[in-house]
Amino acid sequence: MTPDGLSTLDVLLIEDSDEDAVLLKRQLETAGYRVNLERVDTGGALIKALGQKRWDIVFSDFSMPSFDGIQALKIVREHDRDLPFIIVSGTIGEERAAQLMKLGAQDYVIKGNVLRLVPAIERELQEAKLRREHRLAQDHIRHIAYFHPLTQLANRHRLVEDLQELLGLATPVALMIVNLINFHEINGALGYPNGDQLIRDVAGRLQEVELNGGHLYHLHGNEFAVLLRTENRRQVEEIAQDALKALAPHFVCAGLRIHIGARVGIASSRRHDGDPHTLLQHADLASRFAKHEGKTYAWYDAERDPSSPARLALLADLHDALSTDQVFLVFQPKVQCPTGVVTGAEALLRWRHPEHGLIAPDMFVGMAERSGLIDELTHHVLRRVSDQMRSWRRNGLAMPVAINLSAKNLVNRRLMAEILSVQSENENSRIDVEITETALMHDPDQALAALRELRNAGVRIYVDDFGIGFSSLGYLKKLPIHSVKIDKSFVIDLVHSADSDTIVRSTIGLAHNLGLEVIAEGVENHDTWERLASYRCDEGQGNHFAEPLMAEEFARRFGPGASFST
């Protein structure tokens with residue numbers, strides 16, 4: 001804003017006519033802008049101008065003697081994906097205008113149409129601001145999600161993704177887990193700030209080790225990992241020994257000389273079932289072998305793995321549990337913001353094992369997916385939800401209930417047909433489905449076809465755990481979804497972390513701009529709920545309203561007309 005109250009607008013105009021440039025500048029000044037305008041009419045001049053400064057907006061004619069709007073648009077988009085690009089021309093028709101919009105132009109305005117031009121500028125400047133803010137937030141999300149805040153090394157999430165990619169390509173790999181010995185005692189004696197500095201010093205030493213193209217990760221606390229693209233036993237052991245040698249000299253911490261012991265567990269892709277988590281588990285178990293044997297490093301040995309038979313037994317138990325009451329559902333309410341009206345519920349699976357007690361879903365859902373049991377498990381959930389909705393309706397409670405789907409569920413035509421059947425059976429209620437970003441990326445074409453079929457039948461579709469799968473909202477707009485659920489890891493720290501606040505606020509703003517609703521998971525307190533309300537979040541879910549409840553208790557607390565007092 002200038003002293004005279006006018007907004008300054010830096011305009012890059014792609015136009016071969018000086019007269020049209022003067023006319024456009026006059027129109028913008030009449031609309032209340034102080035205009036800095038530069039005109040270019042060749043590709044080289046455009047590239048040079050884009051590199052000289054940051055422009056607020058680009059206007060482009062379509063037809064020029066040696067240049068056209070399509071070429072100009074491609075150059076601008078290669079330079080800046082978010083810079084507003086508006087075609088101002090009188091020579092192209094609707095079909096060509098639509099083609100340019102598909103290629104990334106924001107709008108098309110006929111030359112001289114001031115009434116159409118000014119609102120387009122104001123809208124696109126605001127949307128560009130939102131796009132840039134969200135892109136910065138997404139970049140920050142990626143950094144938070146992929147790098148350990150203490151050492152800035154790639155973290156466990158990044159390791160799992162890297163493993164997924166390499167294992168999918170059948171690349172031979174070896175994974176080393178490096179555990180620091182008795183580090184908790186150092187933290188206790190010298191305090192956490194000194195302990196944190198010691199971890200940074202350890203990371204520095206490990207970064208100096210020659211990994212022959214491998215990568216170093218900081219998993220958590222006193223645990224690091226090295227991923228190598230080889231299974232050669234001699235090469236891997238040499239690197240393990242080099243890492244141990246790097247940590248052997250004493251460290252100085254709080255003025256004291258401290259020796260850090262370490263042990264290394266090693267697993268290779270030759271002995272695993274194609275799952276990154278299994279390879280991590282094998283490497284971690286190998287480090288325990290080293291501990292028990294008093295060695296500095298050890299390889300994973302399947303014959304000494306006590307958990308393998310146990311996992312097989314647990315899988316067999318899960319198959320049998322589906323025909324009993326061991327596997328059951330609990331329900332957590334979804335609450336409208338800011339009214340507190342309960343708008344629906346999410347059905348969550350639980351397993352009460354007769355010997356092992358309550359087993360968390362994280363322990364058996366992934367196992368069911370890898371074994372092929374996931375469709376049967378989802379079928380079980382779907383029938384139980386359908387039965388429960390009918391029971392609730394008989395008692396005057398009719399509300400949407402969401403179930404979670406996996407990537408494999410989406411390619412099961414029988415299961416998709418069953419969801420549609422349940423939807424048609426529950427006219428006064430509704431089945432919703434929740435699916436993670438990761439599942440959407442597993443087979444995008446198949447996911448798109450399945451989700452379109454569900455949406456056409458009236459099923460509402462939510463993208464769960466949004467923010468940790470790193471797809472863009474722009475991509476999600478192409479899918480037939482209704483809402484995104486911001487992952488609880490961002491919501492929980494909302495009122496205490498400026499980073500989380502920025503991520504949540506910008507995600508809500510851009511999602512609304514794309515016509516999507518937003519649900520915040522992990523609402524744990526009143527302050528978080530108030531902050532979400534101020535950002536116009538649509539709904540919330542979390543223990544602030546209720547922990548997951550058995551069906552009878554849910555109906556008692558959230559029956560007809562119920563709302564949560566905020």
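Structure shown above.
Notes on the structure follow. Predicted, not measured: the structure shown is a model, and the values here were computed from it.

## Let's talk about the pattern of salt bridges
- In this structure the tally under the stated criterion is 24 salt bridges.
- One salt bridge in this structure joins Lys485 and Glu346, with 3.1 Å as the shortest N-O distance. Here the residue Lys485 occupies a position in strand E21 (residues 483-486), and Glu346 occupies one in strand E16 (residues 342-353), the gap between them amounting to 139 residues. Each member of the pair, Lys485 as well as Glu346, is classed as buried.
- Here Glu553 and Arg556 are joined by a salt bridge, their closest N and O atoms 2.7 Å apart. Taken together, the positions of Glu553 and Arg556, both in helix H22 (residues 551-557) and three residues apart, correspond to about one turn of that helix.
- The class for Glu553 is partly exposed, based on a relative accessible area of 26%.
- Salt bridges sharing partners connect three or more residues here, namely Lys334, Glu346, Glu434, Lys485 and Glu521.

## Some remarks on helix H8 (residues 192-207)
- For H8, which comprises 16 residues, the first-to-last C-alpha distance of 22 Å matches the rise-based estimate of 22 Å (1.5 Å per residue) to within 8%.
- When we look at burial in H8, the residues that qualify are Gly195, Leu198, Ile199, Val202, Ala203, Arg205 and Leu206. Across the axial projection of H8, the buried residues extend over an arc of 160°, all falling on one side. Exposed and oriented more than 90 degrees from the buried face of H8 are Pro193 and Gln207.

## Looking at the packing of helix H2 (residues 43-52) against helix H3 (residues 69-79)
- The geometry of H2 relative to H3 is characterised by a closest axis approach of 10 Å and an angle of 25° between their N-to-C directions. The pairing of H2 with H3 is recorded here as roughly parallel in orientation. Judged by the sense of rotation from one axis to the other, the crossing of H2 with H3 is right-handed. Contact with H2, carried on its side by Gly43, Leu46, Ile47, Leu50 and Gly51, involves Ala72, Ile75, Val76 and His79 of H3 and no other residues of that element.
- Grouping the constituent residues of the contact of H2 with H3 by class yields six nonpolar, three polar and no charged.

## Here we look at the side chain of Ser483
- Topologically, Ser483 is positioned in strand E21.
- Of the residues examined, Ser483 reaches a relative accessible area of 0% and is grouped as buried.
- At a separation of 3.0 Å, a polar atom in the side chain of Ser483 contacts the main-chain carbonyl oxygen of Glu517.
- Excluding residues within four positions of it along the chain, Ser483 makes contact with Ile461, Tyr462, Val463, Glu517, Val518 and Ile519.

## Topic: the sheet that holds strand E1 (residues 7-14)
- Ordered by their spatial adjacency, five strands build an open sheet running E2-E1-E3-E6-E7, and the pairing between neighbours is parallel. With one partner strand each, in any of the chains shown, strand E2 (33-40) and strand E7 (107-109) form the two edges of the open sheet. If you compare each strand with its neighbour and ignore which way they point, the axes differ by 25° on average.
- In the sheet, strand E6 (residues 85-88) pairs with E7 via three bridges, with the strands oriented parallel. Its bridge partner being in E7, Ile86 is matched across the sheet by Asp107.
- In the packing of H2 onto the sheet, the strands contacted are E1 and E2, and the crossing angle to E2 comes to about 140°.
- H3 rests against E1, strand E3 (57-60) and E6 of the sheet, and its axis sits at about 165° to E6.

## Details of the nonpolar core
- In terms of nonpolar packing, the biggest core is built from 77 residues, with Phe331, Val385, Leu454, Leu532 and Phe554 touching the most fellow members.
- With seven residues, the single largest contributor to this core is helix H13 (residues 374-394).
- The next biggest cluster of nonpolar side chains, apart from the first, holds 34 residues, and it includes Val209, Phe224, Leu244 and Cys253.

## Considerations on the packing of H8 against helix H9 (residues 233-247)
- At a minimum axis separation of 9 Å, H8 and H9 run at an interaxial angle of 135°. Judged on the interaxial angle alone, H9 and H8 are oblique. H9 is crossed by H8, and the crossing has right-handed handedness. Residues Val202, Arg205 and Leu206 of H8 form the contact with H9, whose own contacting residues are Ala243, Ala246 and Leu247.
- Split into classes, the residues belonging to the contact of H8 with H9 amount to five nonpolar, no polar and one charged.

## Details of the sheet that holds strand E8 (residues 174-181)
- With mixed pairing, five strands are arranged side by side in an open sheet as E9-E10-E8-E13-E14. Here the strands that pair on one side only, and so sit at the sheet edges, are strand E9 (215-220) and strand E14 (297-299). With strand direction ignored, the average angle separating the axes of adjacent strands in the sheet is 20°.
- In the sheet, E8 pairs with strand E13 (residues 261-268) via eight bridges, with the strands oriented antiparallel. Note that in E13 the partner of Asn179 across the bridge is Arg263.
- Lying on the sheet, helix H10 (residues 276-293) is in contact with E8, E9, strand E10 (223-228), E13 and E14; it crosses E13 at an angle near 135°.

## Structural notes on the pairing of E3
- Of the two faces of E3, the one lined by Ile57 and Phe59 and the one lined by Val58 and Ser60 are each fully buried.
- Of the strand pairs in this sheet, E1 and E3 are connected by four bridges, and their pairing is parallel. Bridged to Val11 within E3 is Ile57.
- Examined bridge by bridge, E3 and E6 share three bridges and lie parallel to one another. Along E6, the bridge assignment pairs Ser60 with Ile87.

The rules behind each value
- Residues numbered from 1 in each chain as written.
- Predicted model: local features only at pLDDT ≥ 70, side-chain atom pairs only at ≥ 80, totals over all residues.
- Heavy atoms only, no water.
- Salt bridge = Lys/Arg side-chain N within 4 Å of Asp/Glu carboxyl O.
- Helix = DSSP H or I, 4+ residues; strand = E, 2+ residues; numbered from the N terminus.
- Buried < 20%, exposed > 50% of the residue type's maximum accessible area, 1.4 Å probe, protein only.
- Expected span 1.5 Å × (residues − 1).
- Arc of directions from axis to C-beta.
- Axes fitted to C-alpha atoms, helices over the stretch in contact; angles between N-to-C directions.
- Parallel < 35°, antiparallel > 145°, perpendicular 65-115°, else oblique.
- Left-handed = near helix turned anticlockwise from the far one by under 90°.
- Contact = heavy atoms within 4.5 Å.
- Nonpolar A, V, L, I, M, F, W, Y, C, P; charged D, E, K, R; others polar.
- Polar contact = N/O pair within 3.5 Å; in protein donor to acceptor, adjacent residues only side chain to side chain.
- Pairing = 2+ DSSP bridges.
- Core = buried A, V, L, I, M, F, W, Y, C linked by side-chain atoms within 4.5 Å.

Remember that the coordinates give geometry; whether it matters functionally is a separate question.
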